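# Observations on the three-dimensional arrangement
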Amino acid sequence: MAEKSRAVLTGKHFMEGDIACAEGAIAAGCRFFAGYPITPATEIAERMAQRLPEVEGVYIQMEDELASMAAVIGASYAGVKSMTATSGPGFSLMVENIGLAFMTETPCVIVNIMRGGPSTGQPTKPSQQDVMQAKWGSHGDYEIVALAPSSVQEIFDLTIEAFNLSETYRTPVVVLADEIVGHMRERITIPKADEIRVVNRKKPQVPPGEYAQFRPDEDLVPPMACFGEGYRFYATGLTHDESGHPTTSSAEAQQKLVQRLCDKIRKNADRIVKTERTMLEDAEVAVVAYGITSRSALSAVRKARETGIKAGLLRLVTLWPFPDKQISQVAKKVNAIVVLEMNYGQIVREVERAAKETPVIFLPKLGEEPHKPAEILQAIGRARQ
Amino acid sequence: MSEELHPFETFLRREMIPHIWCDGCGNGIILNCYVRALKDLDIDLNKVVTVAGIGCIGRISGFTNTDSFHTTHGRAVAFATGVKLANPELKLVVISGDGDLFAIGGNHFIHAARRNVDIHVICANNFNYGMTGGQYGPTTPLDAWTTTTPYGNVEHPFNLVHLAAASGAAYVARWTTLHARRLTESIKKALQKEGFSFIEVITPCPEIYGRYNKMRTGIDMMNWFRKASEIRNQSDPAKAEITPERIVIGEFLDIEKPSFGRLLRDMTTRVQEKMRKGR
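Owing to the predicted nature of the structure, the values given are computational and were not obtained by experimental measurement.

Once that is clear, we can look at the overall build of chain B. Secondary structure summary: chain B contains 10 helices and eight strands in total. Dimensions of chain B, computed from the C-alpha atoms along their principal axes, are close to 70 × 55 × 35 Å. Here chain B holds 279 residues, and the buried ones make up 59% of them. Within chain B, residue pairs in contact and separated by at least 24 positions form 66% of the contacts whose partners lie at least 6 positions apart. Distance between charge centroids for chain B: 5 Å, based on 33 positive and 29 negative side chains.

Shown next as structure tokens:
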């Protein structure tokens, strides 16, 4: 009988979202955390500081978020699954090295527990205002993967999924949760360790002389050697060839590299994207929501059904790459779409683009609370007309 | 005809040569001293990671045949911290410039020194931002001419060895590229040191900094180093000045104190023992 796992706290718990996020990371094999305290993500750091030494991992509190993200990339290149957690102002600092992580194909996870912005904004209040920043925050063309949990159970599950995706595609993955999901307490079930699917990065199958750090397999993802394994590779944030050598003057090299890095995500979008459909089969009005707002939306959709309105919900679990196909399928069948966001209009633009001719009604919300079901119900009513 | 290999052949990435550095630049000497130190110490090159930030010297990580990484501007020390903590078996060497380490990366440097994390930092100090064409930086001397101090520099420069010592480094030295043998010996010592070690290397930038400051060639700059250098081992780094007349060099600090890695491992061991006893 194996010793009870210290890494996976199998069983039923009443747990805060931030804590569940930390537990998901450890269950996924994360053994390195570098971060900087920030509301409302601090509890993730606190939990990691307590738990990582228990599983022989390393917690370090860096001097700022620039350093945190740099250390996370370093640890991943040393072969250890690594992560950081932050909120808007810290995320703004991290986007510099998220670009580096993308360019150097570093598997790592960044958790952003979103609070109100811009700037220092409302530190203790929820928002979904960093959705576009997650996609476009760093300079240059790149593709991010971002997941939006809507419950404590799901932040546990999606943090594991974030690690698995980052290891599969050798790319940074963002968990975009709002402050409510981060701070609320709910019941969660943590499965047995052997029931949790854990993916580890592909390793080189050839000796050092034949290996190139950035030579992709057919899936566009290169196997990854790590420091100290004898491959003696060079990695740089400069545009580079398959060996990692800088190719800063060649248009061909720039095109080849940037296209592959983006296509690695775009061409695998069908494998990455997850959405959840509720009562959409015969719906006239579809509500599109993600994170905490999707729970108000579900309540509103049920109420609408009670009053005879055929409403349904498309919950976006994956925000990036954007679920174009899923939106498009829904748009073809409904008369109108209602989009809810705790911001002043971000994902709605993507929905409008994917929905083409289908009218889209946007319901923004800024401040303390998510949308009330009654407000959503009203919007559904308007959309039906 | 058999080809005789250069003694450093295995230490350099041949496909990256020729290097990008200008005639008279001192970076090649720093690279030479670094690989000579690795060779003399007979270190397993598979366990060395050379990390650099952005700037002329930043390309050194590409030329060195170890595992190597070229980070974003200023973040080399923070990156190296992550690597070292994740795999303590590796020897982490950060080689970067004065602008990279002390302007944009200054915060990372002082905190890594404070933690006494096991990283060996070598700073090529050429008194300006060479790669972008010669702007003033945190080490540019007062009154010096650069492209962004067209009326002379009015900012006080950092004294890097004083800063490193005050921040908590365990080993601190300053040399010039003229002192290649002493520099090599110093690097060897630093590489064997537990904790955070720092070596500042004053290096000529005749094409840019020198040209604007009446030292047009590498020889002119080396002559300045020769005339002005004074070796003051174990002297107070706070008084280690750099002026046109006097460049104080030497080994300023060499102390023993537990590194961050050691303290972290000890703590983890204690936690593990507590876990085994069932708390």
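Interface size is often expressed as the accessible area that is lost when the parts come together. Listed by partner, the interface residues are 43 residues for chain B and 42 residues for chain A. Roughly 3,400 Å² of surface becomes buried between chain B and chain A when both sides are summed, with 60% attributable to carbon and sulfur atoms. The largest per-residue losses of area from chain B upon contact with chain A belong to Asp-67, Phe-69 and His-70 of chain B, which jointly make up 16% of the total buried on that side. The tally of links between chain B and chain A comes to two salt bridges. Here chain B and chain A share 23 residue pairs in polar contact (both at pLDDT 80 or more) between them. Only helix H2 (60–63), strand S2 (67–70), helix H3 (76–86), helix H5 (106–115) and helix H10 (260–276) of chain B provide two or more residues apiece to the side of chain B that touches chain A. Within the side of chain B that touches chain A, the residues separate by chemical class into 15 nonpolar, 19 polar and nine charged.

Residues and elements named next belong to chain A. As far as domains go, chain A holds domain 1 (11–195) and domain 2 (274–384). For domain 1 versus domain 2, the distance between C-alpha centres works out to 26 Å. Domain 1 puts 27 residues into the contact, and the matching count from domain 2 is 25 residues. In this assembly, domain 1 and domain 2 are joined by four salt bridges.

Below, the discussion takes up empty space enclosed by the protein. One way to see where empty space is left: roll a probe the size of a water molecule over the atoms. All names here are of chain B. Applying the stated rule across the entire model yields one cavity of 30 Å³ or more. Taken together, His-120, Val-121, Ile-122, Ile-187, Ala-190, Leu-191, Ser-197 and Ile-199 make up the lining of the largest cavity. Only strand S4 (120–125), helix H7 (180–191) and strand S6 (197–202) provide two or more residues apiece to the lining of the largest cavity. Each residue belonging to the lining of the largest cavity can be placed in one class, and the counts come to six nonpolar, two polar and no charged.

Glancing now at the environment of Arg-260 of chain A. Residues and elements named next belong to chain A. Mapped onto the elements, Arg-260 comes out in helix H8 (residues 251–266). With relative accessibility at 11%, the residue Arg-260 sits in the buried group. When the C-alpha positions of Arg-260 and Pro-216 are compared, they lie 8.8 Å apart, and in sequence the two are 44 residues distant. Leave out the neighbours within four places in its chain, and Arg-260 touches Glu-105, Phe-214, Pro-216, Leu-220 and Pro-222.

Rules used throughout
Residues numbered from 1 in each chain as written. Chains lettered and ligands numbered in written order. Predicted model: local features only at pLDDT ≥ 70, side-chain atom pairs only at ≥ 80, totals over all residues. Heavy atoms only, no water. Helix = DSSP H or I, 4+ residues; strand = E, 2+ residues; numbered from the N terminus. Buried < 20%, exposed > 50% of the residue type's maximum accessible area, 1.4 Å probe, protein only. Contact = heavy atoms within 4.5 Å. Lys, Arg positive; Asp, Glu negative; His and termini not counted. Charge placed at Lys NZ, Arg CZ, Asp CG, Glu CD. Buried area = accessible area lost by both parts, 1.4 Å probe. Salt bridge = Lys/Arg side-chain N within 4 Å of Asp/Glu carboxyl O. Polar contact = N/O pair within 3.5 Å; in protein donor to acceptor, adjacent residues only side chain to side chain. Nonpolar A, V, L, I, M, F, W, Y, C, P; charged D, E, K, R; others polar. Domains from an automatic or database assignment. 1 Å grid on protein atoms, 1.4 Å probe; cavity = no way out; pocket = protein on both sides within 12 Å on 5 of 7 lines; lining within 4 Å. Points joined across faces, edges and corners; volume = space filled by probe spheres on them.

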